[in-house]
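Spelled out from the first residue to the last, the chains are:
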Amino acid sequence: MNGEKERRKAPGIHEVALGALLHDIGKLHQRAGAGRSLPEAVLARAEDVLPVRDGRHSHWHALWSDAFFDWIEESGQPWPADVDPAWVRDLAVYHHNPLQAYRRNPALAATWLVTVADRAASGYERKARDEAEEADGTEAAGARDAFRRTPLKAIQTTIRLEERPAGRKGWFRPAPVSPESLMPEGSIPGEAVAQGYGELWGAFREGWADMARRASGDAGAFEEGVLSLLERFASTVPSSTVDQPDVSLHDHSHAVAAFASTLHAHHAARAELSNIEAIRDPRRRKLRFLVGDLSGLQRTLFRLKSEQVKGLNRILRGRSLRFQLIAEMAIRRILSRFSLPLSCALQNGGGRFLLLLPELPDEETTRRVDELRADFDEWLAGQYMGDLGLGLALSAPFATGDLAPLPEEEGRAEAIRRAGQVRADMRAAIETAKLRQLQAPAAGALFETAYPHGVCPTCGVRPACGEGPRCPACEAEHDLGQRLPRARAVILRLPAEEGGGRPGAAGDEILGGRLILALGEGREGEDGGIGWRFGPAATGPAPVRLNKPHVPVFTEEDMEKYRNLEAHEDIRPGDIKTFAALAHDSSREPDGICRGREMLAVLKADVDRLGAIFAEGLGPEWSIARQAALSRLMDGYFTMRLPWLLRERAPDIYTVYAGGDDLFLVGPWRAIFAFARTLHEDFSAFGGHNPSLTLSAGLALFDPRTPISIAANEAEARLEAAKDAGRNRISAIEAEPMAFGDYAAALDIAEKLDRWLQAEHIPSGGLYRLLAFDDARRRIASGHADAADYGWLARFGYHLARMLPKRTCDPVQEEIAATLCRLFGLDNSFAQQGRYKPGTRLAISHALYRNR
């Protein structure tokens, strides 16, 4: 490497993105280097690479990054033909000491892109003390190595809203990203932390060699492969190590790559890549956020002509996946239109996304977004006829200096105010995106549609196509749901005019691009996810992993178990279980005996106050990297942790959708009731039992012959009631939502009641009578009682005496009496204990349904 090296031209955008993604890779290398010092050949470059602070070199991680590039060169790792590795290296290694030879060779001014991006992405997350604490590359092993023993702080445990305390401190154990690694720990021994970093570094280098071999033919795929490697192996590595180690190396590097790439696009459009003053200008408004919001998901999901639609389970699963792919394709189309890499997609989950775009001359940014919006609207109107809409909204332009202190400023108040304005503009764009949907089609007030082949028998609204019985959207959704359980890769191809190659003949058209779901076994599915592939290449890396939502499937052993089900002859091993089969499972006890009522239940849950969490929960030290880190973790819980949790604890539950910050599950009713409790306990542990990070849930029971849309609407209404009642609650069976602790206690009592019913210690008729007493005391508590209601306590005592005549001398009846009194908020002398609490009807109904 030579800082004076002549360049024929400025770096391309993929070289900038790669340099930014790798600018801090030395921090992982450095942590893994315990017991080793830098090679002499690398140390000899210290004067060239490292800045000097207080008379000594600082930012030693840049030399460790340099050593990584030595390894790439010495081991012969390939680069794409259109990527100059020298540019990537210089952009990465010199980000703290940009090359000064730009006066003789102006192209070298581009090395400032990563420097400026680093400052903008970091905001206030990086403290002055942090870099000084790095180990000197010449020091002996063990010296000043606290950073090697410091784990990543779990940012979700630090969220704080209003005057609520933060959660318990939590830390991430250094490990590849997985359902287990998403969960914070209370403390981790320093030796385990250091060992984890060493193992991560070895895994990263192995992954690099594999990725480089498979993606060396495509610069875009190569950049996405590096982004994926960082997500997999640097998501539990802190970027900062001393003052505030709560942003991972992956999230920081991702944000820096977004800023550097977007700055490159801004300056390239103005022919300024050699203009050092323009690149370093912190006051020019060069950037804009673009917010995307896919709305109408639940309405569209349950748009069904009849609940007896054949293949309903596959259609719902396929619809949910297609919604996700619509958002993904929209991101691809937008980034392609601006010639930006995937790193510029900062957030993506649950149908919502956040992109960083350049501010281009002559309002070109707005014009391109308007064109894409019209294109997307036309496709969505034709496919979904107004049910589904994708809103796009740009924030006001902002400068890099709006996100970090300016050198001439004293104090931080003004800088924090500017960053707050950027956040406010982003929130305004989020709200605007919800309102800017289907504008062009809706302008005519009507969607002009013909029905030459009749109406679609699945949705009952859209025109059937001539090639099949369903409309194009329902046909694509059915095919996706059928193929998903056997899929190993998703291939998305953009339209030919946008650089994606000519779309293949097979697959589903989405927003003008092409989707192909590849079947069979393969490396992309090794970690339980599906590999994404983009572009026309037949081979390539799996740069982004779609974690498969959990759905129960029929096994070979199931063929006999479900032989009496309707349409049994259509069932094949590997198919998604039908709702009829799930309902049948609801009556099956652990011993294999079937009893009780066959019913299904739906569970709808989402995170409370999510908007406030992103707006205020990170405090004044907000940065886009911290926001992206929190968003990634939240989406990771629902797309990675949740499927694992279902497989481990509730394998009979079917995922309709999960991602972003919410979920919708269907399953055997008892399994759903039990899983709601498990979900709350697990999510609380994920958040470090943080009172500022909670979720609420709504649960609805339904007969398998009842339209699932009715159950979905009830679950939605119950979820809203749980939030209105104070959040961090669940609404199920009863009119009033309840705290999750009361819900868990009611389920425990339901288990006891079931055992006593089975042993004939209590009659089912006696439990039905108790429900009337609970209605009376609930009306009293709500202020809507009749005169007769006030006698419920006396009638309760009389009924208990008739139902349990021997309770004073029979230990079992004594336990039953004590349990029922506690269930009704009474002590053993029938004195009322505290205020009315819900849970009584839930416990009794649960036991009765199980014994019908």
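Note that this is a predicted model, so its numbers are computed, not measured.

What counts and how
- For every chain, the first residue of the written sequence is number 1, and numbering continues from 1 onward in sequence order.
- With pLDDT at 70 or above as the cut-off, local features in this predicted model cover only qualifying residues; side-chain atom pairs require 80 or more to be listed or tallied, and sums for whole chains, interfaces and linings still use all residues.
- Remark: hydrogens and water are excluded; side-chain values derive from all non-hydrogen atoms of the structure.
- Numbered from the N terminus, helices here are DSSP runs of H or I no shorter than four residues, and strands are runs of E no shorter than two.
- Categorising residues by exposure relies on relative accessible area from a 1.4 Å probe, with only protein chains included: less than 20% of the type maximum marks a residue as buried, more than 50% marks it as exposed, and the intermediate range marks it as partly exposed.
- Areas reported as accessible are Shrake-Rupley estimates using a 1.4 Å probe. Residue values count occlusion only from the protein chains shown.
- When a carboxyl oxygen of Asp or Glu lies within 4 Å of a side-chain nitrogen of Lys or Arg, that pair is called a salt bridge.
- Per residue, pLDDT measures the predictor's confidence, with a range of 0 to 100.
- Any two residues whose heavy atoms approach within 4.5 Å are treated as being in contact.
- As used in this structure description, the phrase polar contact means that two N or O atoms lie within 3.5 Å; if the pair is within protein, one of them must be able to donate a hydrogen and the other to accept it, and residues adjacent in sequence are counted only when both atoms belong to side chains.
- At least two DSSP bridges between two strands are needed for those strands to be called paired.
- Among the buried residues, those of types Ala, Val, Leu, Ile, Met, Phe, Trp, Tyr and Cys that are joined through side-chain atoms within 4.5 Å form a nonpolar core.
- Aromatic pairs are defined between Phe, Tyr and Trp rings, using the six-membered ring for Trp, whenever the two ring centres lie within 6.5 Å; interplanar angles under 30 degrees are classed as stacked, those over 60 as edge-to-face, and all others as tilted.
- The span expected for a helix works out to 1.5 Å for each residue beyond the first.
- Two cysteine sulfurs form what is called a disulfide whenever their separation falls within 2.5 Å.
- Convention adopted: a line fitted to C-alpha atoms gives each axis, helices being fitted over their contacting stretch, and angles between N-to-C directions are expressed from 0 to 180 degrees.
- Any angle that is under 35 degrees is reported as roughly parallel, and any over 145 degrees as roughly antiparallel; angles of 65 to 115 degrees are reported as roughly perpendicular and all others as oblique.
- Crossing handedness is defined as follows: a turn of the near helix away from the far one that is anticlockwise and smaller than a right angle gives a left-handed crossing, while the clockwise case is right-handed.
- Under the convention adopted here, Pro, Cys and the residues Ala, Val, Leu, Ile, Met, Phe, Trp and Tyr are nonpolar, Asp, Glu, Lys and Arg are charged, and Gly plus all remaining residues are polar.

Draft legend 1. Fine view of the overall build of the protein chain. Helix and strand counts for the protein chain come out as 29 helices and 20 strands. Counting across all 852 residues of the protein chain, residues that qualify as buried make up 60%. Total accessible area computed for the protein chain in this model is approximately 33200 Å², and 49% of it derives from carbon and sulfur atoms.

Draft legend 2. Representation of the pattern of salt bridges within the structure. This model, assessed by the stated rule, comprises 47 salt bridges. The residue R45 makes a salt bridge to D66 at a minimum N-O spacing of 2.6 Å. Taken together, the positions of R45 in the loop between helix 3 (40-43) and helix 4 (46-49) and D66 in helix 5 (residues 61-74) put the pair 21 residues apart, joining distant regions of the chain. Taken individually, R45 and D66 each receive the classification buried, so the pair is uniform in this respect. With a shortest N-O distance of 2.7 Å, D682 and R641 are connected by a salt bridge. Note that D682 is positioned in helix 23 (residues 669-686) and R641 in helix 22 (residues 624-649), a separation of 41 residues in sequence. The class for D682 is buried, based on a relative accessible area of 11%.

Draft legend 3. Inspection of the confidence of the model for the protein chain at higher detail. Chain-level pLDDT for the protein chain is 84 on average; 86% of the residues reach the 70-or-more range. Here residues 1-7 scores under 50 on pLDDT; set against residues more than four positions off or in separate chains, the count is 27 contacts. Predicted confidence for residues 532-544 stays below pLDDT 50, and this span has 49 contacts to residues more than four positions away or in other chains.

Draft legend 4. Focus on the side chain of Q383. By secondary structure assignment, the location of Q383 is in helix 15 (residues 364-384). According to the relative accessible area criterion, Q383 is buried, its value standing at 14%. Among the polar contacts made by the side chain of Q383, one reaches the side chain of R322 at a distance of 2.9 Å. Residues within four places of Q383 in sequence aside, it is in contact with R322, R462, P472 and A473.

Draft legend 5. Up close: the sheet that holds strand 19 (residues 729-732). If you trace the 6 strands from one edge of the open sheet to the other, you get 16-17-15-18-19-20, paired in mixed fashion. Taken across any chain shown, the strands that pair with only one partner, and hence form the sheet edges, are strand 16 (654-659) and strand 20 (738-739). Two strands pair when backbone bridges link them, and strand 19 and strand 20 are joined in this way by 2 bridges, in the antiparallel orientation. Pairing of I730 across the sheet is with M738, part of strand 20.

Draft legend 6. Structural view of the environment of R755. Topologically, R755 is positioned in helix 25 (residues 740-758). For R755, a relative accessible area of 48% translates into the label partly exposed. Sequence spacing of R755 and A847 is 92 residues, and the spatial spacing of their C-alpha atoms is 8.8 Å.

Draft legend 7. Expanded view of the nonpolar core. Core analysis: the biggest nonpolar cluster contains 245 residues, and W208, F259, I334, L603, F675, Y743 and F796 have the highest contact counts within it. Setting aside residues up to four positions removed in sequence, F259 forms contacts with A117, A120, A121, L287, L356, F398, L403 and I624. Grouped together as the second largest cluster of nonpolar side chains are 5 residues, F554, M559, Y562 and I571 included.

Draft legend 8. Up close: the packing of aromatic side chains. Taken as a whole and assessed by the stated rule, the structure comprises 28 aromatic pairs. Seen in terms of ring centroids, F638 and F683 are 6.2 Å apart; in terms of plane orientation they differ by 40 degrees. Their pairing is tilted. Placement of the pair is F638 in helix 22 and F683 in helix 23, with a sequence separation of 45 residues. Each member of the pair, F638 as well as F683, carries the same accessibility label: buried. Following the ring pairs from residue to residue traces out a cluster consisting of F68, F69, W71, W79, W201, F204, W208 and F222.

Draft legend 9. Local environment of the side chain of H95. Position of H95 among the secondary structure elements: in the loop between helix 6 (85-93) and helix 7 (112-122). H95 sits in the buried class, given a relative accessible area of 2%. Ignoring sequence-local partners within four residues, the contact set of H95 consists of H23, D24, H61, V114, T115 and D118.

Draft legend 10. Representation of helix 14 (residues 312-337). Here helix 14 contains 26 residues, and its C-alpha end-to-end distance of 37 Å stays within 8% of the 38 Å for a straight helix at 1.5 Å per residue. Burial within helix 14 is extensive, with 24 of its 26 residues counted as buried. Positive phi appears at S339, one or two residues downstream of helix 14, with a value of about 55 degrees.

Draft legend 11. Summary view of the state of the cysteines. With the rule as written, the count across this model stands at 0 disulfides. Here C459 stays unpaired: no disulfide links it, and the sulfur of C456, its closest cysteine neighbor, is 3.8 Å away. In this structure C465 is a free cysteine whose sulfur lies 7.7 Å from that of C471, the closest cysteine sulfur available. Judged by relative accessible area, C465 falls into the partly exposed class, the value being 24%.

Draft legend 12. Structural detail: the packing of helix 1 (residues 13-21) against helix 10 (residues 219-234). Where helix 1 contacts helix 10, the axes come no closer than 10 Å and their chain directions differ by 15 degrees. As the angle between them shows, helix 1 and helix 10 are arranged roughly parallel. In this structure, helix 1 meets helix 10 at a crossing whose hand is left-handed. Taken together, the residues of helix 10 that come into contact with helix 1 (itself represented by H14, A17, L18 and L21) are A219, G220, F222, E223, V226, L227 and L230. When its residues are assigned to classes, the contact of helix 1 with helix 10 shows 8 nonpolar, 2 polar and 1 charged.

Draft legend 13. View of the pairing of strand 15 (residues 600-607). The buried fraction of strand 15 amounts to 8 of the 8 residues, a majority that puts the element mostly inside the structure. Side-chain alternation along strand 15 places L600, V602, K604 and D606 on one buried face and A601, L603, A605 and V607 on a second face that is also buried. Pairing geometry for strand 15 and strand 17 (residues 662-668), over 7 bridges, is antiparallel. Within the sheet, the bridge partner assigned to L603 lies in strand 17 and is L665.

Draft legend 14. Inspection of the pairing of strand 6 (residues 345-349) at higher detail. For strand 6, the tally of buried residues reaches 4 of 5 residues, placing the bulk of the element in the interior. Where strand 6 meets strand 7 (residues 352-358), 4 bridges bridge the pair, whose relative direction is antiparallel. When the sheet's bridge partners are listed, N348 is paired in strand 7 with F353. Between strand 6 and the antiparallel strand that follows it, strand 7, lie 2 residues; G350 among them carries a positive phi value of about 65 degrees.

Draft legend 15. Structural detail: the packing of helix 5 against helix 9 (residues 190-215). For the pair helix 5 and helix 9, the least separation of the axes is 12 Å and the interaxial angle reads 40 degrees. Relative to helix 9, the element helix 5 lies oblique. Note on packing geometry: the crossing formed by helix 5 with helix 9 is right-handed. Between helix 5 and helix 9, the residues in contact are F68, W71 and I72 and W201, F204, R205 and W208, respectively.

Draft legend 16. Looking closely at unusual backbone geometry. Phi angles above zero are rare outside glycine, and D362 is one such case at about 55 degrees. Inspection of the secondary structure assignment puts D362 in the loop between strand 7 and helix 15. Residue classification places D362 among the exposed residues on the basis of a relative accessible area of 77%. One non-glycine residue, H689, lies in the positive phi region at around 55 degrees.

Draft legend 17. Molecular detail of the environment of A265. Position of A265 among the secondary structure elements: in helix 11 (residues 249-269). Residues A265 and K286, 21 residues apart in the sequence, show an inter-C-alpha distance of 9.6 Å. Aside from chain neighbours lying at most four places away, what touches A265 is I13, L340, P358 and L360.

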